[in-house]
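Summary of the model geometry
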Amino acid sequence: MMPRDYNSIPRNGRIFVRAGQRSRSNVIALASAVAAVLVLGVAWSSSNSQDVGVSMQAQRSFRPAVHFAPRITNQMNQFALRNPSAFQRQQVALTRAFQPATTMDEAEVKMPSGGMFTQTKPEDRRVVPRDEKGRKKFKVVYVVLESQYQSSMTAACKNINKNQKDVCVECSGYLLEELREPANLEAFKKDVADANMFIGSLIFVQDLAEKVVEAVKPVRDNLDACLIFPSMPDVMKLNKLGKFTLSSLGVSTDKAGAADGAAPEKKKGSMVKDFFKAASKASPATFEENLLKLLRTLPTVLKFLPAGIAQDGRSFLLSLQYWLGGSDDNLENFLLMIANKYVSGVAGEDLIDEKAIAPPSLIAEKGIWHPLAPKVFESSDEYLEWYNTEMCPLNGVPTDAPTVGVVLQKSHINTKDEAHYVSLFQELESRGCRVVPVYTGSLDFSIPIEQYFYNRQGKCIVDSVINLTGFALVGGPATQDHDRAVEVLKKLNRPYLVSVPLVFQSFEEWEKSQLGLHPVQTALQVSLPELDGAIEPIIFAGRDPATGRSVPMADRIDILAERAMNWANLRNIPNKEKKLAITVFSFPPDKGNVGTAAYLNVFGSIHSVLKELKKEGYNVEVPETVEELIDGVLKDKEAELASPELNVEYRMSIDEYLKQTPYAKDLYDNWGPPPGNLNSDGENLLVYGKKFGNVFVGVQPSFGYEGDPMRLLFAKSASPHHGFAAYYTYIEKVFGANAVLHFGTHGSLEFMPGKQVGMSGKCYPDRLIHGLPNLYYYAANNPSEATIAKRRGYASTISYLTPPAENAGLYKGLKELGELVGSYQGLRDTGRGPSIVNSIVASARTCNLDKDIKDLPNEEDDAKDLTLDERDRVVGKVYNQLMEIESRLLPCGLHTVGVPPTVEEAVATLVNIASIDRPEDNIKALPRLLAESQGRDIEEIYRNSDNGILEDVTLRQKIVEGTRAAVKAAALQSANSEGRIESVNSMAVQMKSMMGIKSPWRQALADNDFNVPEEQLTPLFSYLGFCLEQVVADNELGGLMEALNGDYILPGPGGDPIRNPKVLPTGKNMHALDPQSIPTKAAVDCAKVVVDRLVDRQRQDNGGVYPESIALTLWGTDNIKTYGESLAQVMWLVGVEPISDSIGRVNKLRLIPLEELGRPRIDVVVTCSGVFRDLFINQMNLLDRAVKMAAEADEPLDMNFVRKHSMDQAEELGVDLRTAATRIFSNSAGSYSANVGLAIENGGWKDESQLQEQFLERKSFAFNADRPGEMAKADAVFKSSLSKVDVTFQNLDSSEISLSDVSHYFDSDPTKVVQGLRKDGKKPTSFVADTTTANAQVRTLSETVRLDARTKLLNPKFYEGMLNQGYEGAREITKRLRNTMGWSATAGAVDNFVYEDANSVFISDPEMQQRLLDTNPNAFRDMIQTFLEANGRGYWDTTEENIDRLRKLYQDCEDKLEGIE
């Protein structure tokens, strides 16, 4: 049993010290004990001295963890003898690292107030002199973003109270986040109202900045001093020191020179005004950096100001220097200087000895700092000379050891709050690593990287980099320059980790939180660094709530150091010795599904990777063919009698498993003792896969609960099972991988239980991946789930292309119908016109288009009875429907990593890129240009076409064909003989243009009867040339090799390459976006269009009555791709407008007046995906505030359905109005999906009521802006809100992912759930917005399912393309049938003909049967089972002949799979 207070025990040649529950005096004594160890070689010492007046909370939470270098007892004496002064500095540094600012013997600690997300107590840091003794007291109030100033301010005030004879100080300190709590805010206002001095710093959270202004502005003139250091513009304007304000920089002296007190003459302009005006605009430098530059210009400006203002201005500058100095002494002198000059009752009274006020004591603005170094170094060569001479022998580390560069925040060094830094240095050094710690007082951390991570020869001296500031590389909490950051990091070319110290939470608060990291900190210190290419946001330090000091977290520092070292080692291990574990997925778990990944030919891609590794010198055995690779992993993909399961690479005994997996016993609660039934032979745990030399290709185990109805129902997901844990134990500790490569979108590791962001050592993603560098091939169009992999699984993603898209085209009866329409257009006004219309109507009904064209004539009607215009309208509507099908994009087959599309394959993507207006680039879409060349507006053509106006349907199709021809001509003129692009051939085009020869695209347009001037086409086609280069570029294999070499992976956005071509080329470390930047203005504009069409469509189908409540689903990827369109839809429905703050972040709201809105406020019920919750929790806050703003608006209930329903629910549920207005729901923290998809994919469900119960149980966790730190169970208000829903609604934003491609859409569909909850039992209308093209559509769910089935599942172009991919393509077809059935289960939205036609295509045709059986018998069996299940559950009504055939085929599959001929 370890001693209760603290332990110091030798571990692996180093002393490892942890502090548990102890007093702060114990901590000080511990530092003294450490010094004794260093001097005397004593391994353990302690003290039992008692602390005075420390809060119990502080005692519980102060848990430092220090790691000392190996062989320390043998070498420290030598170091002490050689360098006595350096050794003395070391003792001071170590003691200081764990010494609180002071004991609290002077502080009268009052009862704490409550907290919100952060349960800290401002009263804990209030300093009140115990005995004023007739001294003059002044009061200071401060607000800071980060807590490192807290301890120094407390110490400074106590020193004043202890040492000053004639003055004393009362000090009240607040952390910015604490002002969310109403009681804290009121206390703050009260404190400020009777303060002499107010200080604010780094106030960069808009809603909290507004609270500061609200509290301070009314009493500003009564304050003796109001000092604001870098903060939001509105807060900065509060600055006041004597006659000096920032606005005074815009005045000049009068003609007489203006004596003190004289009114100066105003200038016309103001440099400060100009600065704040520019601050809201994009700038290469950050707002904070510009502000500091402004302040640095003050000495020059002060020369021209009146003497009094100039003197006060110099005091302000001096104050800033004191503040940036940050130490106890600096802040003490700062407070005394301000009091002596400005505080009423103190200034001019000789109560303070002015000569005793020392000037600011500052370290260099930037440099290389090590706690044991004799000085701050200004060059890496000088530092390494010292380090290699002194520290390497001391630590027993060779001078060529792996080197980790560490970026620090100067304020922590200034305030002596560096314990967390020192702890990491010691851990890295104890592992045999050199460290180069650099810092800057600037907010541009690229400066020390460029200056100190290279030697004088320009060679990089580090192998990996950890940024411990948590901030984006260039910029602080406000604006950033990511392009500059990427430029610097690309040149450095090293893995770049950004680790995060807790700012708004204490250690205990973070440890207990299911959400993990505070949402504001996630936005500032996780999302923003990701845009720079940062990886692995590991929490490494907590915060002591009483002192504000940073507390190193032992296990987090362990894992951070290990991971940084492993990344550094990739640069030093020869390729022939490196081991790589490639992990593939099987979902749903079945042998026919091994190698599951979105739109990726997994085994073909792995084969390409193995060949590339071989080329790069890896020891790898490459199978001759892809088939051999598949057979090696699956043992036999047909699973004949001799090989009933996957290839077993390793059998792990239970003893080995328990010994190697430290958390194994934590899995007992969910799975019992090992080995269990999963990945087990009853005695051992089985690892499936196969080794190919130094490369292991393994199959990740499943979640394990897919077929268990009870586990699917649980609100929180179960832990991984023993087989899952054993797999990752094998990879790391048995196989000895240097890195793992997760292959394709996506696996299960990152979705295992744990915190949302900021993993602890108890979170399963952290436990599973442990120290392994995690590389992850991820589809470029899915940045949201990729971001989850990055944050929860520490993945470095490498994006891959989705397959080339092409138009769905027309086939079979649809093609014949299109030919009839063409015939009609040529013969419409002849005698044959009516008979052709009759044929069109009959054929349309045969193709089931009558379900989409409501007023299509009956077959018994005769077109002779219609006028020509009426016949045109009928044909126009049919033609429009055909064109929607024909022009819809679908993926062609599957993508293989490292194989870019040909130019021909890229054309459809380019056509869609050319069809979107890009006002930000001053580019008009080609369809718009073509319409304008005809004297028409494209929006009018779209509207008329949608309404079946034949003339405009025809013109629209002509524009489509002209666009395709022009883009194809442009692309092909750059193709080589193999149809691939080597360079975009724009020079030749320019030369021809100079000679009067039309460009290929203009000639193609002329051939289609369009005449558009070249100068109008040039901007668009120049842009398309750039896009073409990106589409066909390829760095997917290159990106992987760079990562395995320990290089920096170039970051890039994920999303839809049509909307944002910057997604390309692939092979990048994919990121999402700044969550505080959405919704953008463009997204708001698009949202209004969609919502208006949705509401109009519902009113049109419902007798003109407005829907009172709409249930929406929000997805992470959709909002990334569209920059927040669906977010804006929710706000527009309730009549609230999002507003950007002064630096462009969207965090304010405006209630739109009813007269401006022009309709009632429509209530909403929003279910957010678990991924959306993780990425956009601040936007959930915004949505909740918007709904409650609408609910509290005093308006007529017939014009405000949000208020109407909330008032009813408040009475019904016995809660207040704001609680009743809760409308933003998701899963519990760390859980994902409703598990409806899992149940349907695995057949593990009894009936629809089970699915509905799962949805209600797992999706009923509410976000509440009044309590932002939790996702609280709120099933009563969730059910009550759903029971009032009239419409369910989802968005489709990309042609690559539609309703049948993934299970996510039906998993979160509440249609039948709502029907079950409504008192009248009425099924709500279900709509889907389709914004995949420029002509946004709102269709019913059934219309969308039909369109999806016609363009994919039933389309020969789609299924033949998939079958050409072999084993994996057959699985993709089966998946779409299963997902289609999901819409029957959750919404009843699938027509019988869809199943019937699918049966005709895949089952009735003997040749197709055999192809599927030969290609992937497991997948074919699943397809047959799906058909039988659809029939058995009442979703498909068919003949007994069809059912008998299916039963026979099922048995044939079983026989084949069992090896029975």
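Residues numbered from 1 in each chain as written. Predicted model: local features only at pLDDT ≥ 70, side-chain atom pairs only at ≥ 80, totals over all residues. Heavy atoms only, no water.

1. Quick word on the overall build of the chain
We apply this condition: Here a strand is any run of E in DSSP of at least two residues, a helix any run of H or I of at least four, and the numbering for each starts at the N terminus. When checking whether two residues touch, look at their non-hydrogen atoms; a contact exists if any pair is within 4.5 Å. Residue-level accessible areas treat just the shown protein chains as cover; the underlying method is Shrake-Rupley with a 1.4 Å probe.
Along its length, the chain carries 60 helices and 39 strands. Looking at the chain alone, contacts between residues at least 24 apart form 76% of all its contacts between residues at least 6 apart. A total of about 51,000 Å² of accessible surface is found on the chain, and carbon and sulfur atoms cover 49% of it.

2. Here we look at the packing of helix α34 (residues 926-933) against helix α35 (residues 938-946)
For the record, the criterion: Helix axes are fitted to C-alpha atoms over the stretch in contact, other axes to C-alpha atoms as well, and angles between N-to-C directions run from 0 to 180 degrees. Working rule for angles: under 35 degrees goes down as roughly parallel, over 145 as roughly antiparallel, 65 to 115 as roughly perpendicular, anything else as oblique. Residue classes follow a fixed rule: Ala, Val, Leu, Ile, Met, Phe, Trp, Tyr, Cys and Pro count as nonpolar, while Asp, Glu, Lys and Arg count as charged, and any other residue, Gly among them, counts as polar.
Interaxial distance between α34 and α35 falls to 8 Å at its minimum, and their mutual angle equals 95°. Viewed along their axes, α34 and α35 adopt a mutual orientation that is roughly perpendicular. Contacts between α34 and α35 involve P927, R928 and A931 from the first element and I938, E939, I941 and Y942 from the second. For the contact of α34 with α35, the class distribution of residues is five nonpolar, no polar and two charged.

3. Some points on the sheet that holds strand β30 (residues 1109-1114)
Selection rule: In this scheme, strands are said to pair when DSSP sees at least two bridges between them.
Strand order in the open sheet made by the eight strands is β36-β35-β34-β33-β30-β37-β38-β39, with mixed pairing throughout. A single partner strand is all that each edge strand has here, and the edge strands are β36 (1271-1273) and β39 (1337-1340). Strand after strand, the sheet turns through a mean of 30° between neighbouring axes, direction not considered. Here six bridges tie strand β37 (residues 1287-1292) to strand β38 (residues 1325-1330), and the two strands are oriented parallel to one another. Looking at β38, one finds that Q1290 is bridged to V1328.

4. Things to note about the confidence of the model for the chain
Where we set the bar: Looking at any residue, its pLDDT shows the predictor's confidence there, from 0 to 100.
Averaged over the chain, the pLDDT score is 84; the fraction of residues at 70 or greater is 84%. When mean pLDDT is taken per element in the chain, strand β14 (residues 464-467) scores highest with 97 and strand β1 (residues 6-11) scores lowest with 27. Taken as a whole, residues 89-117 scores under 50 in pLDDT and shows 95 contacts with residues more than four places along the chain or in a different chain.

5. Quick look at α34
Worth spelling out the cut-off: Note on exposure labels: buried denotes an accessible area under 20% of the residue type's maximum, exposed denotes more than 50%, and partly exposed covers the range between, all computed with a 1.4 Å probe on protein chains only.
Of all eight residues in α34, six are buried; the element is thus mostly enclosed. Buried residues along α34 sit against α33 (903-914), α35, α36 (950-972), α38 (1000-1007) and α39 (1014-1032). The positive-phi residue at the C-terminal boundary of α34 is G935, with phi of around 75°.

6. Considerations on the side chain of T1426
Relative to the elements of secondary structure, T1426 occurs in helix α59 (residues 1417-1432). Exposure remark for T1426: the relative accessible area of 1% places this residue in the buried category. Dropping the residues within four chain positions of it, T1426 is found in contact with L1377, R1378 and M1381.

7. Some points on unusual backbone geometry
If a residue is not glycine, its phi is most likely negative; likewise, a peptide bond is most likely trans. The amide bond that connects P674 to the next residue, P675, takes the cis arrangement and shows omega of 10°. Look at the link from T745 to H746: it is a cis peptide, with omega at -15°. Relative to the assigned elements, H746 resides in the loop between β23 (739-743) and α28 (764-769). Positioned with a positive phi, N493 is a non-glycine residue whose angle comes to about 60°. For N493, the position within the fold is in the loop between α18 (482-492) and β15 (496-498). You can call N493 partly exposed: its relative accessible area is 24%.

8. Details of the packing of aromatic side chains
Rules: Two rings from Phe, Tyr or Trp (for Trp, the six-membered ring) form a pair when their centres sit within 6.5 Å of each other. Planes less than 30 degrees apart are called stacked, planes more than 60 degrees apart edge-to-face, and all others tilted. Only when the NZ atom of a Lys or the CZ atom of an Arg is both within 6 Å of the ring centre and within 35 degrees of the ring normal do we say a charge sits over the ring.
Counted under the stated rule, the structure contains 39 aromatic pairs. Judged by centre distance (5.9 Å) and plane angle (50°), the ring pair of F507 and W510 falls under tilted. A residue pair is termed a helical-turn pair when its members lie 3 or 4 positions apart in one helix, as F507 and W510 do in helix α19 (residues 507-512) at three residues. As far as the burial class goes, F507 and W510 line up, both buried. One aromatic cluster is present, formed by Y149, F229, F244, F316, Y322, W323 and F334 through successive ring pairs. Positioned above the aromatic ring of W1132 is the side chain of K1088, whose terminal nitrogen or guanidinium carbon lies 4.8 Å from the ring centre.

9. So, a negative patch on the surface
Quick reminder of the rule: To count toward a patch, a residue needs a relative accessible area above 30% and no salt bridge. Like charges then connect within 9 Å, nonpolar side chains (Val, Leu, Ile, Met, Phe, Trp, Tyr) within 5 Å. In what follows, salt bridge is the name for a side-chain nitrogen of Lys or Arg lying within 4 Å of a carboxyl oxygen of Asp or Glu. His is not counted, nor are the chain ends; Lys and Arg add positive charge and Asp and Glu add negative charge. The atom standing in for a charge is NZ when the residue is Lys, CZ when it is Arg, CG when it is Asp and CD when it is Glu.
On the surface, a cluster of negative charge is made up of E859, E860, D861, D862 and D865. Assignment of secondary structure puts E859 in the loop between α31 (833-846) and α32 (868-887).

10. Description of the environment of D234
Considering the arrangement of structural elements, one finds D234 in helix α8 (residues 233-236). Linking D234 and V213, residues 21 residues apart in sequence, is a C-alpha distance of 7.3 Å.

11. Some words on the nonpolar core
We apply this condition: The criterion is simple. A nonpolar core is a set of buried Ala, Val, Leu, Ile, Met, Phe, Trp, Tyr and Cys residues joined through side-chain atoms within 4.5 Å.
Formed by 191 residues in total, the largest nonpolar core has its most connected members in I582, I606, L613, I731, F743 and Y777. Element by element, the count of residues in this core is highest for helix α46 (residues 1177-1191), at eight residues. Setting aside its immediate chain neighbours within four residues, I582 contacts I606, V609, L610, V695, F696, V697, G698, Y727, L741 and F743. Formed by 94 residues, the second largest nonpolar core is a distinct cluster that contains V1285, F1306, L1353 and Y1395.

12. Topic: the sheet that holds strand β4 (residues 136-144)
Sheets are built from strands paired through backbone hydrogen bonds, the pairs being either parallel or antiparallel. Spatially, five strands are ordered β5-β4-β6-β7-β8 in an open sheet, and the strand pairing comes out mixed. The sheet is open, and its two edges are formed by β5 (167-175) and β8 (240-241), each paired on a single side. Taken together, the two bridges between strand β7 (residues 225-228) and β8 define a ladder with antiparallel strand orientation. Across the sheet, residue C226 finds its bridge partner in β8, namely K240.

13. Comments concerning the pattern of salt bridges
Tallied over the full model, the rule gives 80 salt bridges. Between E1343 and R1097 there is a salt bridge; the shortest N-O distance is 3.2 Å. One end of the pair, E1343, is in helix α54 (residues 1341-1353); the other, R1097, is in helix α41 (residues 1081-1101), and 246 residues separate them in sequence. In this structure, E1343 and R1097 share a single accessibility class: buried. Note that D1184 is salt-bridged to K1188, the shortest N-O span being 2.8 Å. Of the two residues, D1184 and K1188 both sit in helix α46, four residues apart, roughly one turn of that helix. Given a relative accessible area of 0%, D1184 falls into the buried group. Each of the salt bridges in this network shares a partner with another, and the network as a whole consists of E123, R126, E132, K137, K139, E170, D191 and D194.

14. Overview of helix α14 (residues 380-395)
The cut-off we apply is this: What a helix is expected to span follows from its residue count: subtract one and scale by 1.5 Å. Here the bend at a residue means the angle between the axes of two seven-residue stretches, the one that ends at it and the one that starts at it.
Compared with the 22 Å implied by 1.5 Å per residue over 16 residues, the 19 Å span of α14 between its first and last C-alpha is markedly short. The sharpest bend along α14 comes to roughly 40°, located at N388. Those residues of α14 that fall on the buried side of the exposure criterion are S380, D381, Y383, L384, W386, Y387, E390, M391, C392, L394 and N395. Once α14 ends, the next one or two residues include G396, with phi positive near 70°.

15. A short note on empty space enclosed by the protein
Convention followed: Points on a 1 Å grid, built from protein atoms alone, make a cavity when a 1.4 Å probe fits but cannot get out and make a pocket when they are open with protein on both sides within 12 Å along at least 5 of 7 lines; residues with an atom within 4 Å of a point are the lining residues. Grid points are joined across faces, edges and corners, and a volume is the space filled by probe spheres set on the points.
If you add up the space inside the largest cavity, you get close to 530 Å³. Residue lining of the largest cavity: 29 residues in total, with S887, N912, R956, V960 and T1333 positioned closest to the centre. Within the residue set of the lining of the largest cavity, elements represented by two or more residues are α32, α33, α35, α36 and β39. Of all the elements, α36 adds the most residues to the lining of the largest cavity, at six residues. Considering only enclosed or pocket space, the second largest cavity measures out at about 230 Å³ in volume.

16. Topic: the pairing of strand β25 (residues 795-800)
To keep things clear, this is the line we draw: Looking down the strands as they point away from the viewer, one classifies a crossover as right-handed if the path from the first strand across the helix to the second runs clockwise.
Counting buried positions along β25 yields six of six residues, so the element is predominantly enclosed. What you see with β25 is no split at all: A795, T797 and S799 on one side and S796, I798 and Y800 on the other are buried throughout. Where strand β24 (residues 774-779) and β25 come together, six bridges link them in parallel fashion. Pairing of L775 across the sheet is with S796, part of β25. Crossover β24 to β25 through helix α29 (residues 783-793) is right-handed.

17. Topic: the pairing of strand β17 (residues 539-543)
Among the five residues of β17, five are classified as buried, and the element is accordingly described as predominantly covered. As judged from the two bridges shared by strand β16 (residues 500-501) and β17, these two strands associate in the parallel manner. What sits directly across from V500, in β17, is I539. Judged from the three bridges that link them, β17 and strand β18 (residues 550-552) form a sheet pairing that is antiparallel. Bridging across to β18, G542 finds its partner in V551. Counting the residues between successive antiparallel strands, the hairpin from β17 to β18 contains six residues, one of them, G548, with a positive phi of roughly 80°.

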